[in-house]
Every structure is written in structure tokens, then in C-alpha cells.
Amino acid sequence: MLEPPEPDDDAVSLPRAPVAASPRVLVLTCADLLHRGDLQGARRIAGAVLSSTDPRGDAADRLAHHFARALALRADEGHGGGAPAVVGVGGGPASSTAYLAYNKIAPFLRFAHLTANQAILEAAAGARRVHIVDLDAAHGVQWPPLLQVICDRADANLGPPEVRITGAGPDRDVLLRTGNRLRAFASSLNLPFRFHPLLLPCTGQLAADPATGLELHPDETLAVNCVSFLHRLSRDGELAAFLRWVRSTNPAVVTVAEREGSAGGGDDDDDLPRRVAAAIDFYSAVFDALEATVPPGSAERLSVEQEILGTEIDAVVAGPGRGGGRPRGFEEWAAAAHAAGLSQQPASTFAAAQARLLLRLHYPSEGYAAEEARGACFLGWQTRTLMSVSSWH
């Protein structure tokens, strides 16, 4: 049975690193020193971890290296002035190469997309006009399978319905390329299709004025797709305001896919040691999964760890008030959705069966597990739950 994450409270309280401490203990000690304002001590320990770990080594080395680098960056920012001693992996969107590699070597994106698409198909059954608002369109890899199924299931007399996707994101060029690819694919299916890019430089803009640039029509069946999006709404009231707006649009379905984590620090966003401890627990499982299923010398694995996982770790260390997201567990997402007036649409048994088939066909390992519980679908590695997908209306 997959278990929810639990932060390591004992490890967080370590004020000093013991002699010959493990990289994990050193990272947690660095976070504690940084939290206490000892920037010099934090930079010293982060440097020790960086010099003793290999970003191309085993899973433990790679993980500690990324956390030490992120903590060193934050220490440099706190010190102020001068060039940083450590170079970050970059805060922009991941390259298409890294994104597609992640989709290939790990099941998280495919699991989220497959399960969310099934909920959208069920909610839009029989509709003649479908509008999908995708809050993180990225490279659009979620949508070709859905468009294909819509065409395959179309009434022979009526033909396929019209599909419109509003794809949101911070990079205009990425959105335009995504729209061009999806239009070409839909054209090959003879599917009536439109794509509208919605440029969102920051998630705060959407939370403040969700309807900005968004065109809604009452004769369309609306689906709001929130795959790896809601955790970015980290400031006070942002998540609640956004979900209330979503509810006001009267969607047929709202799909939510998020990493299954906990900030570990309760309501205190500034509790860096607890946040780092909880994140290490989560990413230990992710890096262990890659270690067990992908060769250590894989260039794809390295690009995924640097451009995607490394950037996520940077955001965790940065914290909600500094551009990072706020991780939550499924129960917290569910509570927020209920508070906004949304009702859960239980996951179908077919969705869970599809997820298990996905793992067997494309990620053959005894470590990954998919299960249906509490009306949602969960994906985990060994006993650790890593992702949840749920649908609401």
C-alpha cells in the first residue's frame, strides 16, 4: 500500500554535521544553518557536499548534489553582491529534449496525462463543441492521444466534434510551436480544431485576474486541465481565488494532477529545514526509481535530472515567497477544491486499469505501482506515493 510522505523531523533538528556525516545529513545541516542565518557556515557545508558528490554518480550522490547546489545558490542570494559561487540549472522552461526524455524514461507525465484525458473523455461524451483550458500547455504532448480517441469514437453520421484548446504558459514561442504541432496533427485526423495561446508570465497574474485573455462560450463543454499547475499558486489566497473562479465557469470537469508531497512545515513557509527534509524524502524515491530503471550513463537521465528535477529542487529551496511552489498532499488539494464548491468525480475503474497497463507496457519494473483510492488515482515507487490525479466538477 502506498504511504503518504512524512518529513524526517529528527534529521531536521541537527544543528551541526557530525564527522563523516552522510551527504543527506550534510544537506539537512546546511538547510538548518541557512535558516538560522549562518550564511558562511551554510556555504561551507554546501561546498563540501558539492566537492564530494558526483552529479553522474549513484542516486544518493546525484540527489545530494542538486540539493547542495540549490542551497548554495540561496546562500549566495542571501549574502548579496558579487557573482554567485554556484551556477544554477536555470529557472526557465525545460527544453523540449529534456521534457520528451522525461516523458520517455519516467511514467509521471504519461500517468498524469492518461488519467486526466480519461476524465475529460468521460465528461465530454456526446458533446459537439469541447473547450479545454490547459493551464500548463508546455509542449502539448498530452493532447494528440486525446484527439485521436475523440476521432476514433466519433459518430459516423455526425463526424467528430469541434475541439478548442486554450494553452497557457510563460513562453510565447513555445506556445506557438505547440499550437502549430497540434493543428497539424488535428488536420491529419480531419478533426475541427483551434488552438489559442494564453501567455501567462506568472501564475500570480492568473490568480489575480483569471479571465484575462480567456474566451469562453456557453455552448462549449468546458474542461479545465491543471496538470502540475496548482502548486504554483503559493501566495495567500491564490489557490482559493483561482478555484472559486474555476467553479464560476461551470466546467464539466476539472482535472488536477500534482506531486504528492507535503511542505513539512505546516503554515510556516519560511521553515526551510522542514521543507528541505520533506523534499528529500520525495525526490529520494524519484531518483531511486530512475536509478533502478535507467542506465547511469544515460544522457536522457542526466538532462531530466538537470533541467527538470534540478529546477524543481531549486524551487523547493527558494520557497513559496521566492518563486517556488507550495507542495501539498491529496487531502489538502481535495479540501481546497471542496471549499471552492467543487465536487469530486470519482476515478473510473477503467482509468486505474489504463494506468496499470501503462506501467506494464512502458515502464516494466516491480517498483512502480498505480492504485485507485479515495476517488483518485495514485502513482508511487515502492511504498512511496509520488503523484495523484483527481477530477472535479
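Fair warning: this is a prediction, and the values are worked out from it, not measured in the lab.

**Student:** Got a minute to help me understand the environment of V174 in this structure?
**Tutor:** One can find V174 in helix α8 (residues 172–188). Its relative accessible area of 13% is what places V174 among the buried residues. Taking the C-alpha atoms as reference, V174 lies 9.6 Å from S95; in sequence the two are 79 residues apart. Setting aside residues no more than four positions away along its own chain, V174 makes contact with A138 and H139.

**Student:** Help me understand helix α6 (residues 108–123), please; the structure alone is not making it clear to me.
**Tutor:** Side chains three or four residues apart in an α-helix point the same way, a direct result of the helix having 3.6 residues per turn. Spanning 16 residues, α6 covers 23 Å between terminal C-alpha atoms, matching the ideal 22 Å at 1.5 Å per step. Here α6 has its buried residues at F108, L109, F111, A112, H113, T115, A116, N117, Q118, A119, I120 and L121.

**Student:** Help me understand the confidence of the model for the protein chain, please; the structure alone is not making it clear to me.
**Tutor:** Where the model shows low pLDDT, its predicted coordinates should not be examined in detail. In the predicted model, the protein chain carries a mean pLDDT of 87, and 84% of its residues have values of at least 70. Taken together, the stretch residues 263–267 has pLDDT below 50 and engages in nine contacts with residues farther than four places along the chain or on a different chain.

**Student:** I keep staring at the packing of aromatic side chains and nothing clicks. Help me out?
**Tutor:** The relation between two aromatic rings is expressed through the spacing of the ring centres and the mutual angle of the planes. Within the structure shown, the criterion is met by eight aromatic pairs. Taken together, a centroid distance of 6.1 Å and an interplanar angle of 45 degrees make the contact between Y102 and F108 tilted. By the burial criterion, Y102 is buried, and F108 matches it. Residues F282 and Y283 carry aromatic rings whose centres are separated by 4.9 Å and whose planes lie at 80 degrees to one another, so their mutual orientation is edge-to-face. Residue classification places F282 among the buried residues on the basis of a relative accessible area of 7%. Through a chain of ring-to-ring contacts, three or more aromatic side chains come together here, namely Y102, F108, Y368 and W381.

**Student:** Looking at this structure, how should I read the pattern of salt bridges?
**Tutor:** Side-chain pairing between opposite charges can occur once the charged atoms of the two side chains come close. Counted by the stated rule, this structure contains 17 salt bridges. R69 is the salt-bridge partner of D314, the closest N and O atoms lying 2.7 Å from each other. Of the two residues, D314 sits in helix α12 (residues 299–318) while R69 sits in helix α4 (residues 59–79), which places them 245 residues apart along the sequence. Considered together, D314 and R69 belong to a single accessibility category, that of buried residues. The network of salt bridges with shared partners includes R129, E162, R164, R194, D219 and E220.

**Student:** Sorry if this is basic, but what is going on with the nonpolar core here?
**Tutor:** Inside soluble globular proteins, nonpolar side chains tend to come together where they are buried. If you look at the biggest cluster of nonpolar residues, it comprises 71 residues, and the most contacted ones within it are F67, L71, F108, F111, V276, Y283 and L309. The contact partners of L71, leaving out residues within four places of it in the chain, are V27, C30, A31, L34, L272, V276 and V317. The next biggest cluster of nonpolar side chains, apart from the first, holds 30 residues, and it includes C226, F242, A337 and A376.

**Student:** I'm lost on the environment of P144 in this one. Help?
**Tutor:** Locating P144 in the fold gives a position in helix α7 (residues 143–152). Owing to a relative accessible area of 23%, P144 belongs among the partly exposed residues under this scheme. Residues P144 and R183 lie 39 residues apart in sequence; the distance between their C-alpha atoms is 10.0 Å. Sequence-distant contacts of P144, defined by excluding residues within four places in its chain, comprise L182 and F185.

Reading the values: rules and limits
Sequence order as written defines the numbering, with residues in each chain counted from 1. Per-residue local features are limited, in this predicted model, to residues with pLDDT of at least 70; the limit for side-chain atom pairs, both in listing and counting, is 80 or more; totals at the level of whole chains, interfaces and linings are taken over all residues. The side-chain quantities take in all heavy atoms of the structure and omit both hydrogens and water. Helical segments are the DSSP runs of H or I of at least four residues, strand segments are the runs of E of at least two, and each set is numbered from the N terminus. Relative accessibility decides the category of a residue: with a 1.4 Å probe and only protein chains considered, values under 20% of the type maximum give buried, values over 50% give exposed, and everything between is partly exposed. The contact definition used throughout considers only heavy atoms, calling two residues in contact when any of these lie within 4.5 Å. Helices are assigned an expected span. That span is 1.5 Å times one less than the residue count. Per-residue confidence from the prediction method is given by pLDDT, with values spanning 0 to 100. Geometry of aromatic contacts follows a simple scheme: Phe, Tyr and Trp rings, the Trp one being its six-membered ring, pair when their centres are within 6.5 Å, and the pair is stacked under 30 degrees between planes, edge-to-face over 60, tilted otherwise. Note on definitions: salt bridges are taken to be side-chain nitrogens of Lys or Arg within 4 Å of carboxyl oxygens of Asp or Glu. The set of buried Ala, Val, Leu, Ile, Met, Phe, Trp, Tyr and Cys residues whose side-chain atoms join them within 4.5 Å is what this entry labels a nonpolar core.

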